[in-house]
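Report on the structure
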Amino acid sequence: MKSLKKVVNLETGEIYDDVKVLTKSDIERCKKIFEAKELYEIKGHSIKAKYKENGSFVWLLYNAGKVLDLGISPNNLTKLIFISTFMDYDNRLMLKETKIMTKEIMFLILGVSKRTFDSFWNAITDARLVIAKETGELFLNADVFQRGSTQTEDADRIRLYRKSIRSLYSRATVGEHKLLSYLFQAIPFVNTQYNMLCHNPTEKDLDLVKPMHMVDYCEIIGYSPENYRRLKTLLKKLTLKKKVVFSFVDNAKGLFCYVNPNVYYAGNDWERVEILGEFCK
């Protein structure tokens with residue numbers, strides 16, 4: 001601030017003492033602040049529109065570029081991700097706003113056999129992914145799942161859209177739970193801005209993103225690399241609202257993969273994923 005002066009309001013005649021007079025650099029700095037605020041609000045409207053389309057979401061916390069290892073099998077990972085969509089803002093599982101999800105209710109909504117459920121229950125409780133209270137209430141581990149503003153700063157996070165994931169789960173057979181797990185196991189290797197499988201998932205410059213070939217991804221998830229095209233065929237069967245969940249680019253450099261951001265997306269700039277035009281087909 002350059003100085004303090006008396007200023008007269010020409011409309012009212014009021015005199016203001018000790019008014020701060022801005023320098024040119026102050027004005028430029030304020031201008032940048034207002035422009036940033038305006039851009040943030042524009043993006044906010046875009047994000048809200050996507051929330052309206054896909055429903056609310058749950059945060060999944062993970063470490064980018066590292067295998068998503070929660071101590072459970074791929075089949076159980078699919079069931080856990082589905083169950084997480086019933087979590088409230090206190091990490092409590094709720095069937096409805098006023099009805100808690102008990103162990104018995106969880107068994108019913110998963111739609112699996114008693115033997116499969118018992119195995120799943122033992123796995124998620126042993127891994128402390130779900131904590132059962134004496135009241136019958138069930139809580140998800142806040143180090144893995146959160147809603148609202150996240151409190152964990154040293155982890156990456158991605159939005160799991162509740163409607164989308166429930167839709168995918170409800171149309172899958174129990175035998176397809178492992179196939180769905182490939183979608184969720186891909187999360188740490190999906191670029192946070194462009195939703196493509198890559199070797200540097202936090203890179204924001206599209207020109208510097210290093211796409212991951214499906215052969216490499218097969219090795220990560222324990223699928224036979226020699227059969228990567230068979231996996232591609234299976235993944236292409238997954239659809240959401242008549243749009244594919246996995247989109248592939250096959251060129252001279254290899255076979256690369258994009259994931260539909262209406263299932264999960266970590267970024268805030270939807271314009272960056274406009275390149276995923278395959279999902280409009």
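Residues numbered from 1 in each chain as written. Predicted model: local features only at pLDDT ≥ 70, side-chain atom pairs only at ≥ 80, totals over all residues. Heavy atoms only, no water.

With that settled, the discussion passes to unusual backbone geometry. Even without being glycine, Asn-195 reaches a positive phi, approximately 55 degrees. Inspection of the secondary structure assignment puts Asn-195 in the loop between helix H6 (177–185) and helix H7 (214–221). Even without glycine at this site, Lys-241 takes up a positive phi of about 55 degrees. If you trace the backbone, Lys-241 turns up in the loop between strand S10 (239–240) and strand S11 (243–244). (Helix = DSSP H or I, 4+ residues; strand = E, 2+ residues; numbered from the N terminus.)

For helix H5 (residues 162–171), the complete set of buried residues consists of Arg-162, Ser-164, Ile-165, Leu-168 and Tyr-169. Projection of H5 onto a plane perpendicular to its axis shows the buried side chains occupying an angular sector of 165 degrees, all on one side. With respect to the buried face of H5, the exposed residues turned more than 90 degrees away are Lys-163 and Ser-170. (Buried < 20%, exposed > 50% of the residue type's maximum accessible area, 1.4 Å probe, protein only. Arc of directions from axis to C-beta.)

Let's shift gears to empty space enclosed by the protein. Within the structure shown, the criterion is met by 1 cavity of 30 Å³ or more. Its boundaries defined by the atoms lining it, the largest cavity holds a volume of some 30 Å³. Along the lines of polarity and charge, the residues of the lining of the largest cavity split into 5 nonpolar, 1 polar and no charged. (1 Å grid on protein atoms, 1.4 Å probe; cavity = no way out; pocket = protein on both sides within 12 Å on 5 of 7 lines; lining within 4 Å. Points joined across faces, edges and corners; volume = space filled by probe spheres on them. Nonpolar A, V, L, I, M, F, W, Y, C, P; charged D, E, K, R; others polar.)

What follows concerns the sheet that holds strand S9 (residues 156–161). On the basis of which strands lie adjacent, the open sheet formed by 4 strands has the order S8-S3-S9-S14 and antiparallel pairing. Two strands in the sheet have a free side with no partner beyond their single neighbour: strand S8 (145–146) and strand S14 (264–265). Summarising the sheet, strand S3 (residues 57–62) and S8 pair through 2 bridges and their orientation is antiparallel. The partner of Leu-60 across the bridge, within S8, is Phe-145. (Pairing = 2+ DSSP bridges.)

Turning next to the environment of Val-130. Mapped onto the elements of the fold, Val-130 is located in strand S6 (residues 130–132). Accessibility expressed as a relative area gives 2% for Val-130, which makes it buried. As for Val-130 and Ser-84, which are separated by 46 residues in sequence, their C-alpha atoms are 9.8 Å apart. Here Val-130 is in contact with Leu-80, Trp-121, Ile-124, Thr-125, Leu-138, Phe-139 and Leu-140, once residues within four sequence places are set aside. (Contact = heavy atoms within 4.5 Å.)

With that settled, consider the nonpolar core. Ranked by size, the top nonpolar core spans 66 residues in total, and within it Leu-80, Met-106, Phe-145, Leu-183, Met-214 and Tyr-264 carry the most contacts. Aside from chain neighbours lying at most four places away, what touches Met-214 is Leu-197, Tyr-228, Leu-231, Leu-235, Phe-248, Leu-255 and Cys-257. In this structure, Phe-57, Trp-59, Tyr-265 and Val-273 belong to the second largest nonpolar core, which totals 6 residues. (Core = buried A, V, L, I, M, F, W, Y, C linked by side-chain atoms within 4.5 Å.)

Note on aromatic pairs: each is described by the distance of the centres and the angle between the planes. On inspection of all chains with the given rule, the structure shows 8 aromatic pairs. Seen from their ring centres, Phe-246 and Phe-248 are 6.4 Å apart, and the 20 degrees between their planes marks the pair as stacked. Assigned by exposure class, Phe-246 and Phe-248 land together as buried. Members of the aromatic cluster, each reached through a chain of ring pairs, are Phe-57, Trp-59 and Tyr-161. The ring of Phe-139 carries Lys-133 above its face, with NZ or CZ at 5.9 Å from the centroid. (Phe/Tyr/Trp six-rings, centres within 6.5 Å; stacked < 30°, edge-to-face > 60°. Lys NZ or Arg CZ within 6 Å of the ring centre and 35° of its normal.)

Turning our attention to the pairing of S3. Taken across its 6 residues, S3 has 6 buried, putting it largely inside the fold. Sheet topology places S3 next to S9; 6 bridges connect them, and they run antiparallel. What sits directly across from Phe-57, in S9, is Tyr-161.

Take the environment of Val-174 next. Within the secondary structure layout, Val-174 lies in the loop between H5 and H6. Separated by 63 residues in the primary sequence, Val-174 and Gly-111 place their C-alpha atoms 8.2 Å from one another. Those residues in contact with Val-174 that sit more than four places away from it in its chain are Gly-111 and Val-112.

None of this, on its own, says anything about what the molecule does.
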